[in-house]
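Residue strings, one per chain:
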Amino acid sequence: MTSAADLPRRSRRPSWAGRNYTLLTAAAVVTNLGSQGALIAAAFAVLGAGGDGGDVGLVAAARTLPLVLFLLIGGAVADRLPRHRVMVAANALNCVSQAAFAVLVLSGEARLWQMMLLSALGGTGQAFFNPAAEGMLMSSVRGEQASRAFAMFRMAMQGAGLGGAALGGALVAVIGPGWVLAVDAVAFAVAGALRSFLDVGHIPPREPGGGLLADLRDGWHEFVGRPWLWTIVAQFSVVVAVVGAADAVYGPLVARDSLGGPGPWGLALGAFGAGTVGGALLMTRWKPRRLLLAGTLCVFPLAAPAAALAVPLPVGPLYAVMFVSGLAIEVFGVSWMTALHQEIPEEKLSRVSAYDWFGSIAMVPLATALAGPAEQAFGRTTALWGCATLVVLVTAAVLCVPDVRNLTRRSRAVAQGAPAAGSGAEHVSADAEGAAGRLG
């Protein structure tokens, strides 16, 4: 008689959720739980030290500037070295910088230049982490279930962001920003430990190349050879910049003056996170044939939060606006990730991802640094309406690109050396659904 112990155990995980995918998802959940609250904590730490909107913008810009400067190098490094080692080293740097930031704030002696320096160290870590993480995630899934895997990953990540933002805003109000920054440092340490167990044995060894510059040139050719890729990245260079300025600089100021402080603003960011969870859940079921067309149409609602802050709307309607915009951008996010997974050869994923990230955030330091002066010159309301208008204009412009409208879903990824999407009939038969999630 066969006992229950003799029967083969049925895995609780779906077939596409392998060990690496599970570790990456768990680490992303831990990281987002800490980081979303830390974004709120950093802004209110600056305000608590006597800073104004311009100072908040300078600290945000200090984090983003090294991210822009080192992203391309980070992408080339991640395609040369084992990606999990790059990710762990970056997490260690983020842990140390956030821990120092927390000690500084808790001591009550925080200076603007010190907060800018520590934020810059955190941005440097992210410059090496982001391309490696994106390449690692895309290489961890295969086949027709890739878009569902990306949607489930983002649903878990955004769900953690939802809890982290809501909890972080509340904790900033109750125990202060310093302790919230300390929690983020611990989260980076735990996430780095999880990522150290990733297995890269399935990734073929990289062939010796012509050096770092040759790798960067190779990645550039991959990037510019796909019109859908570089035009959407150009679009997001504007979208991410103005949305980042609205969220990082104007949002805390509106919350302080009109919404009741960090708690309501944390809940508003949590509502955005809840929307992204809903969008990811939607994308586990919905597979639009023209995925980039569907995704780009869903960028338009990103103008709504800036417009809501410009009014400003009461907290209830603001939460609704944030939820809808979060849901919409997640449709884009999942579609974008699948497009990259489908069209870009595995050995070039991190380099192409680096150009993607670089273009998407290149204008963020300028936008956040100028947010304060723009408020003084034109007024906060006018500046916020300007942010909303720019999102609408650049999104309408990218819809004029045929490759964005016509890129379609394929049942299998592009083989190594296959023609670039957008090169003719092969492009029209392509698919994409995934997400770089620059705003997630």
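If you're wondering where the values come from, they're calculated on a predicted model, not measured in any experiment.

1. Observations concerning the overall build of the protein
Then, in step 1: Within the protein one finds 17 helices and zero strands.
Then, in step 2: Taken across its 440 residues, the protein has 56% of its residues classed as buried.
Then, in step 3: Considering only contacts in the protein between residues 6 or more positions apart, those separated by 24 or more positions represent 89%.

2. A short note on unusual backbone geometry
Then, in step 1: Pro 312 follows Val 311 through a cis peptide bond whose omega is -20°.
Then, in step 2: Examined against the element boundaries, Pro 312 turns out to sit in the loop between helix H11 (303-310) and helix H12 (315-343).

3. Describing the environment of Leu 65
Then, in step 1: Looking at where Leu 65 falls in the secondary structure, it is placed in helix H2 (residues 53-78).
Then, in step 2: On the basis of relative accessible area, Leu 65 is assigned to the partly exposed category, the value being 45%.
Then, in step 3: Sequence separation of Leu 65 and Pro 365 is 300 residues, and the distance between their C-alpha atoms is 5.6 Å.

4. Some words on helix H7 (residues 212-224)
Then, in step 1: Its 13 residues give H7 an end-to-end C-alpha distance of 19 Å, which sits within 8% of 18 Å, the value for a rise of 1.5 Å per residue.
Then, in step 2: By the burial criterion, the buried members of H7 are Asp 215, Leu 216, Gly 219, Glu 222 and Phe 223. Relative to the axis of H7, the buried residues are bounded by an arc of 120° and lie together on one face. Exposed residues lying more than 90 degrees from the buried face of H7 are Leu 213, Arg 217 and His 221.

5. Here we look at the packing of helix H9 (residues 262-283) against H12
Then, in step 1: Where H9 contacts H12, the axes come no closer than 6 Å and their chain directions differ by 40°. Note that H9 runs across H12; the crossing there is right-handed.
Then, in step 2: Class assignment for the residues of the contact of H9 with H12 results in 19 nonpolar, seven polar and one charged.

6. Thoughts on the pattern of salt bridges
Then, in step 1: Per the counting criterion, the structure on display carries five salt bridges.
Then, in step 2: A salt bridge links Glu 330 to Arg 154, with the nearest nitrogen and oxygen atoms 2.4 Å apart. Taken as a pair, Glu 330 in helix H12 and Arg 154 in helix H5 (residues 146-175) lie far apart in primary sequence, 176 residues in all. Summarising the burial analysis for this pair, Glu 330 and Arg 154 share the class buried.
Then, in step 3: Where Glu 375 meets Arg 380, a salt bridge forms, and the shortest distance between an N and an O atom there is 2.8 Å. This pair shows no difference in class: Glu 375 is buried, exactly as Arg 380 is.
Then, in step 4: Among the charged side chains, a network of salt bridges with common partners joins Arg 256, Asp 257, Glu 375 and Arg 380.

7. Looking at a nonpolar patch on the surface
Then, in step 1: Side chains of Leu 65, Leu 69, Phe 70, Ile 73 and Leu 212 sit close together on the surface and give an oily, nonpolar patch of about 410 Å² of accessible area.
Then, in step 2: Of all the elements, H2 adds the most residues to the nonpolar patch, at four residues.

8. A few points about the packing of helix H1 (residues 19-48) against H5
Then, in step 1: In contact at an axis separation of 7 Å, H1 and H5 are set at 30° when each is read in the N-to-C sense. Between H1 and H5, the angle is such that the two are roughly parallel. Considering the relative orientation of H1 and H5, their crossing is right-handed.
Then, in step 2: Partitioning the contact of H1 with H5 into residue classes produces 16 nonpolar, nine polar and no charged.

9. So, the environment of Pro 314
Then, in step 1: With respect to the helices and strands, Pro 314 occurs in the loop between H11 and H12.
Then, in step 2: Separated by 56 residues in sequence, Pro 314 and Ser 258 place their C-alpha atoms 8.4 Å apart.

10. Notes on the nonpolar core
Across soluble globular proteins, you tend to see nonpolar side chains buried next to one another.
Then, in step 1: By size, the foremost hydrophobic cluster in this structure holds 113 residues, and its most contacted members are Trp 228 and Trp 336.
Then, in step 2: Membership of the second largest hydrophobic core comes to six residues, among which are Ala 151, Cys 298, Val 331 and Val 334.

11. Description of H11
Then, in step 1: Across the eight residues that make up H11, a large majority, seven, are buried.
Then, in step 2: What H11 keeps buried is the set Ala 303, Pro 305, Ala 306, Ala 307, Ala 308, Leu 309 and Ala 310.

12. A word on the side chain of His 84
Then, in step 1: On the secondary structure map, His 84 appears in helix H3 (residues 83-107).
Then, in step 2: The contacts of His 84, once residues within four sequence positions are left out, are Arg 195, Ser 196, Leu 198 and Val 200.

What counts and how
- Residues numbered from 1 in each chain as written.
- Predicted model: local features only at pLDDT ≥ 70, side-chain atom pairs only at ≥ 80, totals over all residues.
- Heavy atoms only, no water.
- Helix = DSSP H or I, 4+ residues; strand = E, 2+ residues; numbered from the N terminus.
- Buried < 20%, exposed > 50% of the residue type's maximum accessible area, 1.4 Å probe, protein only.
- Contact = heavy atoms within 4.5 Å.
- Expected span 1.5 Å × (residues − 1).
- Arc of directions from axis to C-beta.
- Axes fitted to C-alpha atoms, helices over the stretch in contact; angles between N-to-C directions.
- Left-handed = near helix turned anticlockwise from the far one by under 90°.
- Nonpolar A, V, L, I, M, F, W, Y, C, P; charged D, E, K, R; others polar.
- Salt bridge = Lys/Arg side-chain N within 4 Å of Asp/Glu carboxyl O.
- Patch = residues over 30% accessible without salt bridge, like charges linked within 9 Å, V, L, I, M, F, W, Y side chains within 5 Å.
- Areas by Shrake-Rupley, 256 points an atom, 1.4 Å probe, with all protein chains shown as cover.
- Parallel < 35°, antiparallel > 145°, perpendicular 65-115°, else oblique.
- Core = buried A, V, L, I, M, F, W, Y, C linked by side-chain atoms within 4.5 Å.

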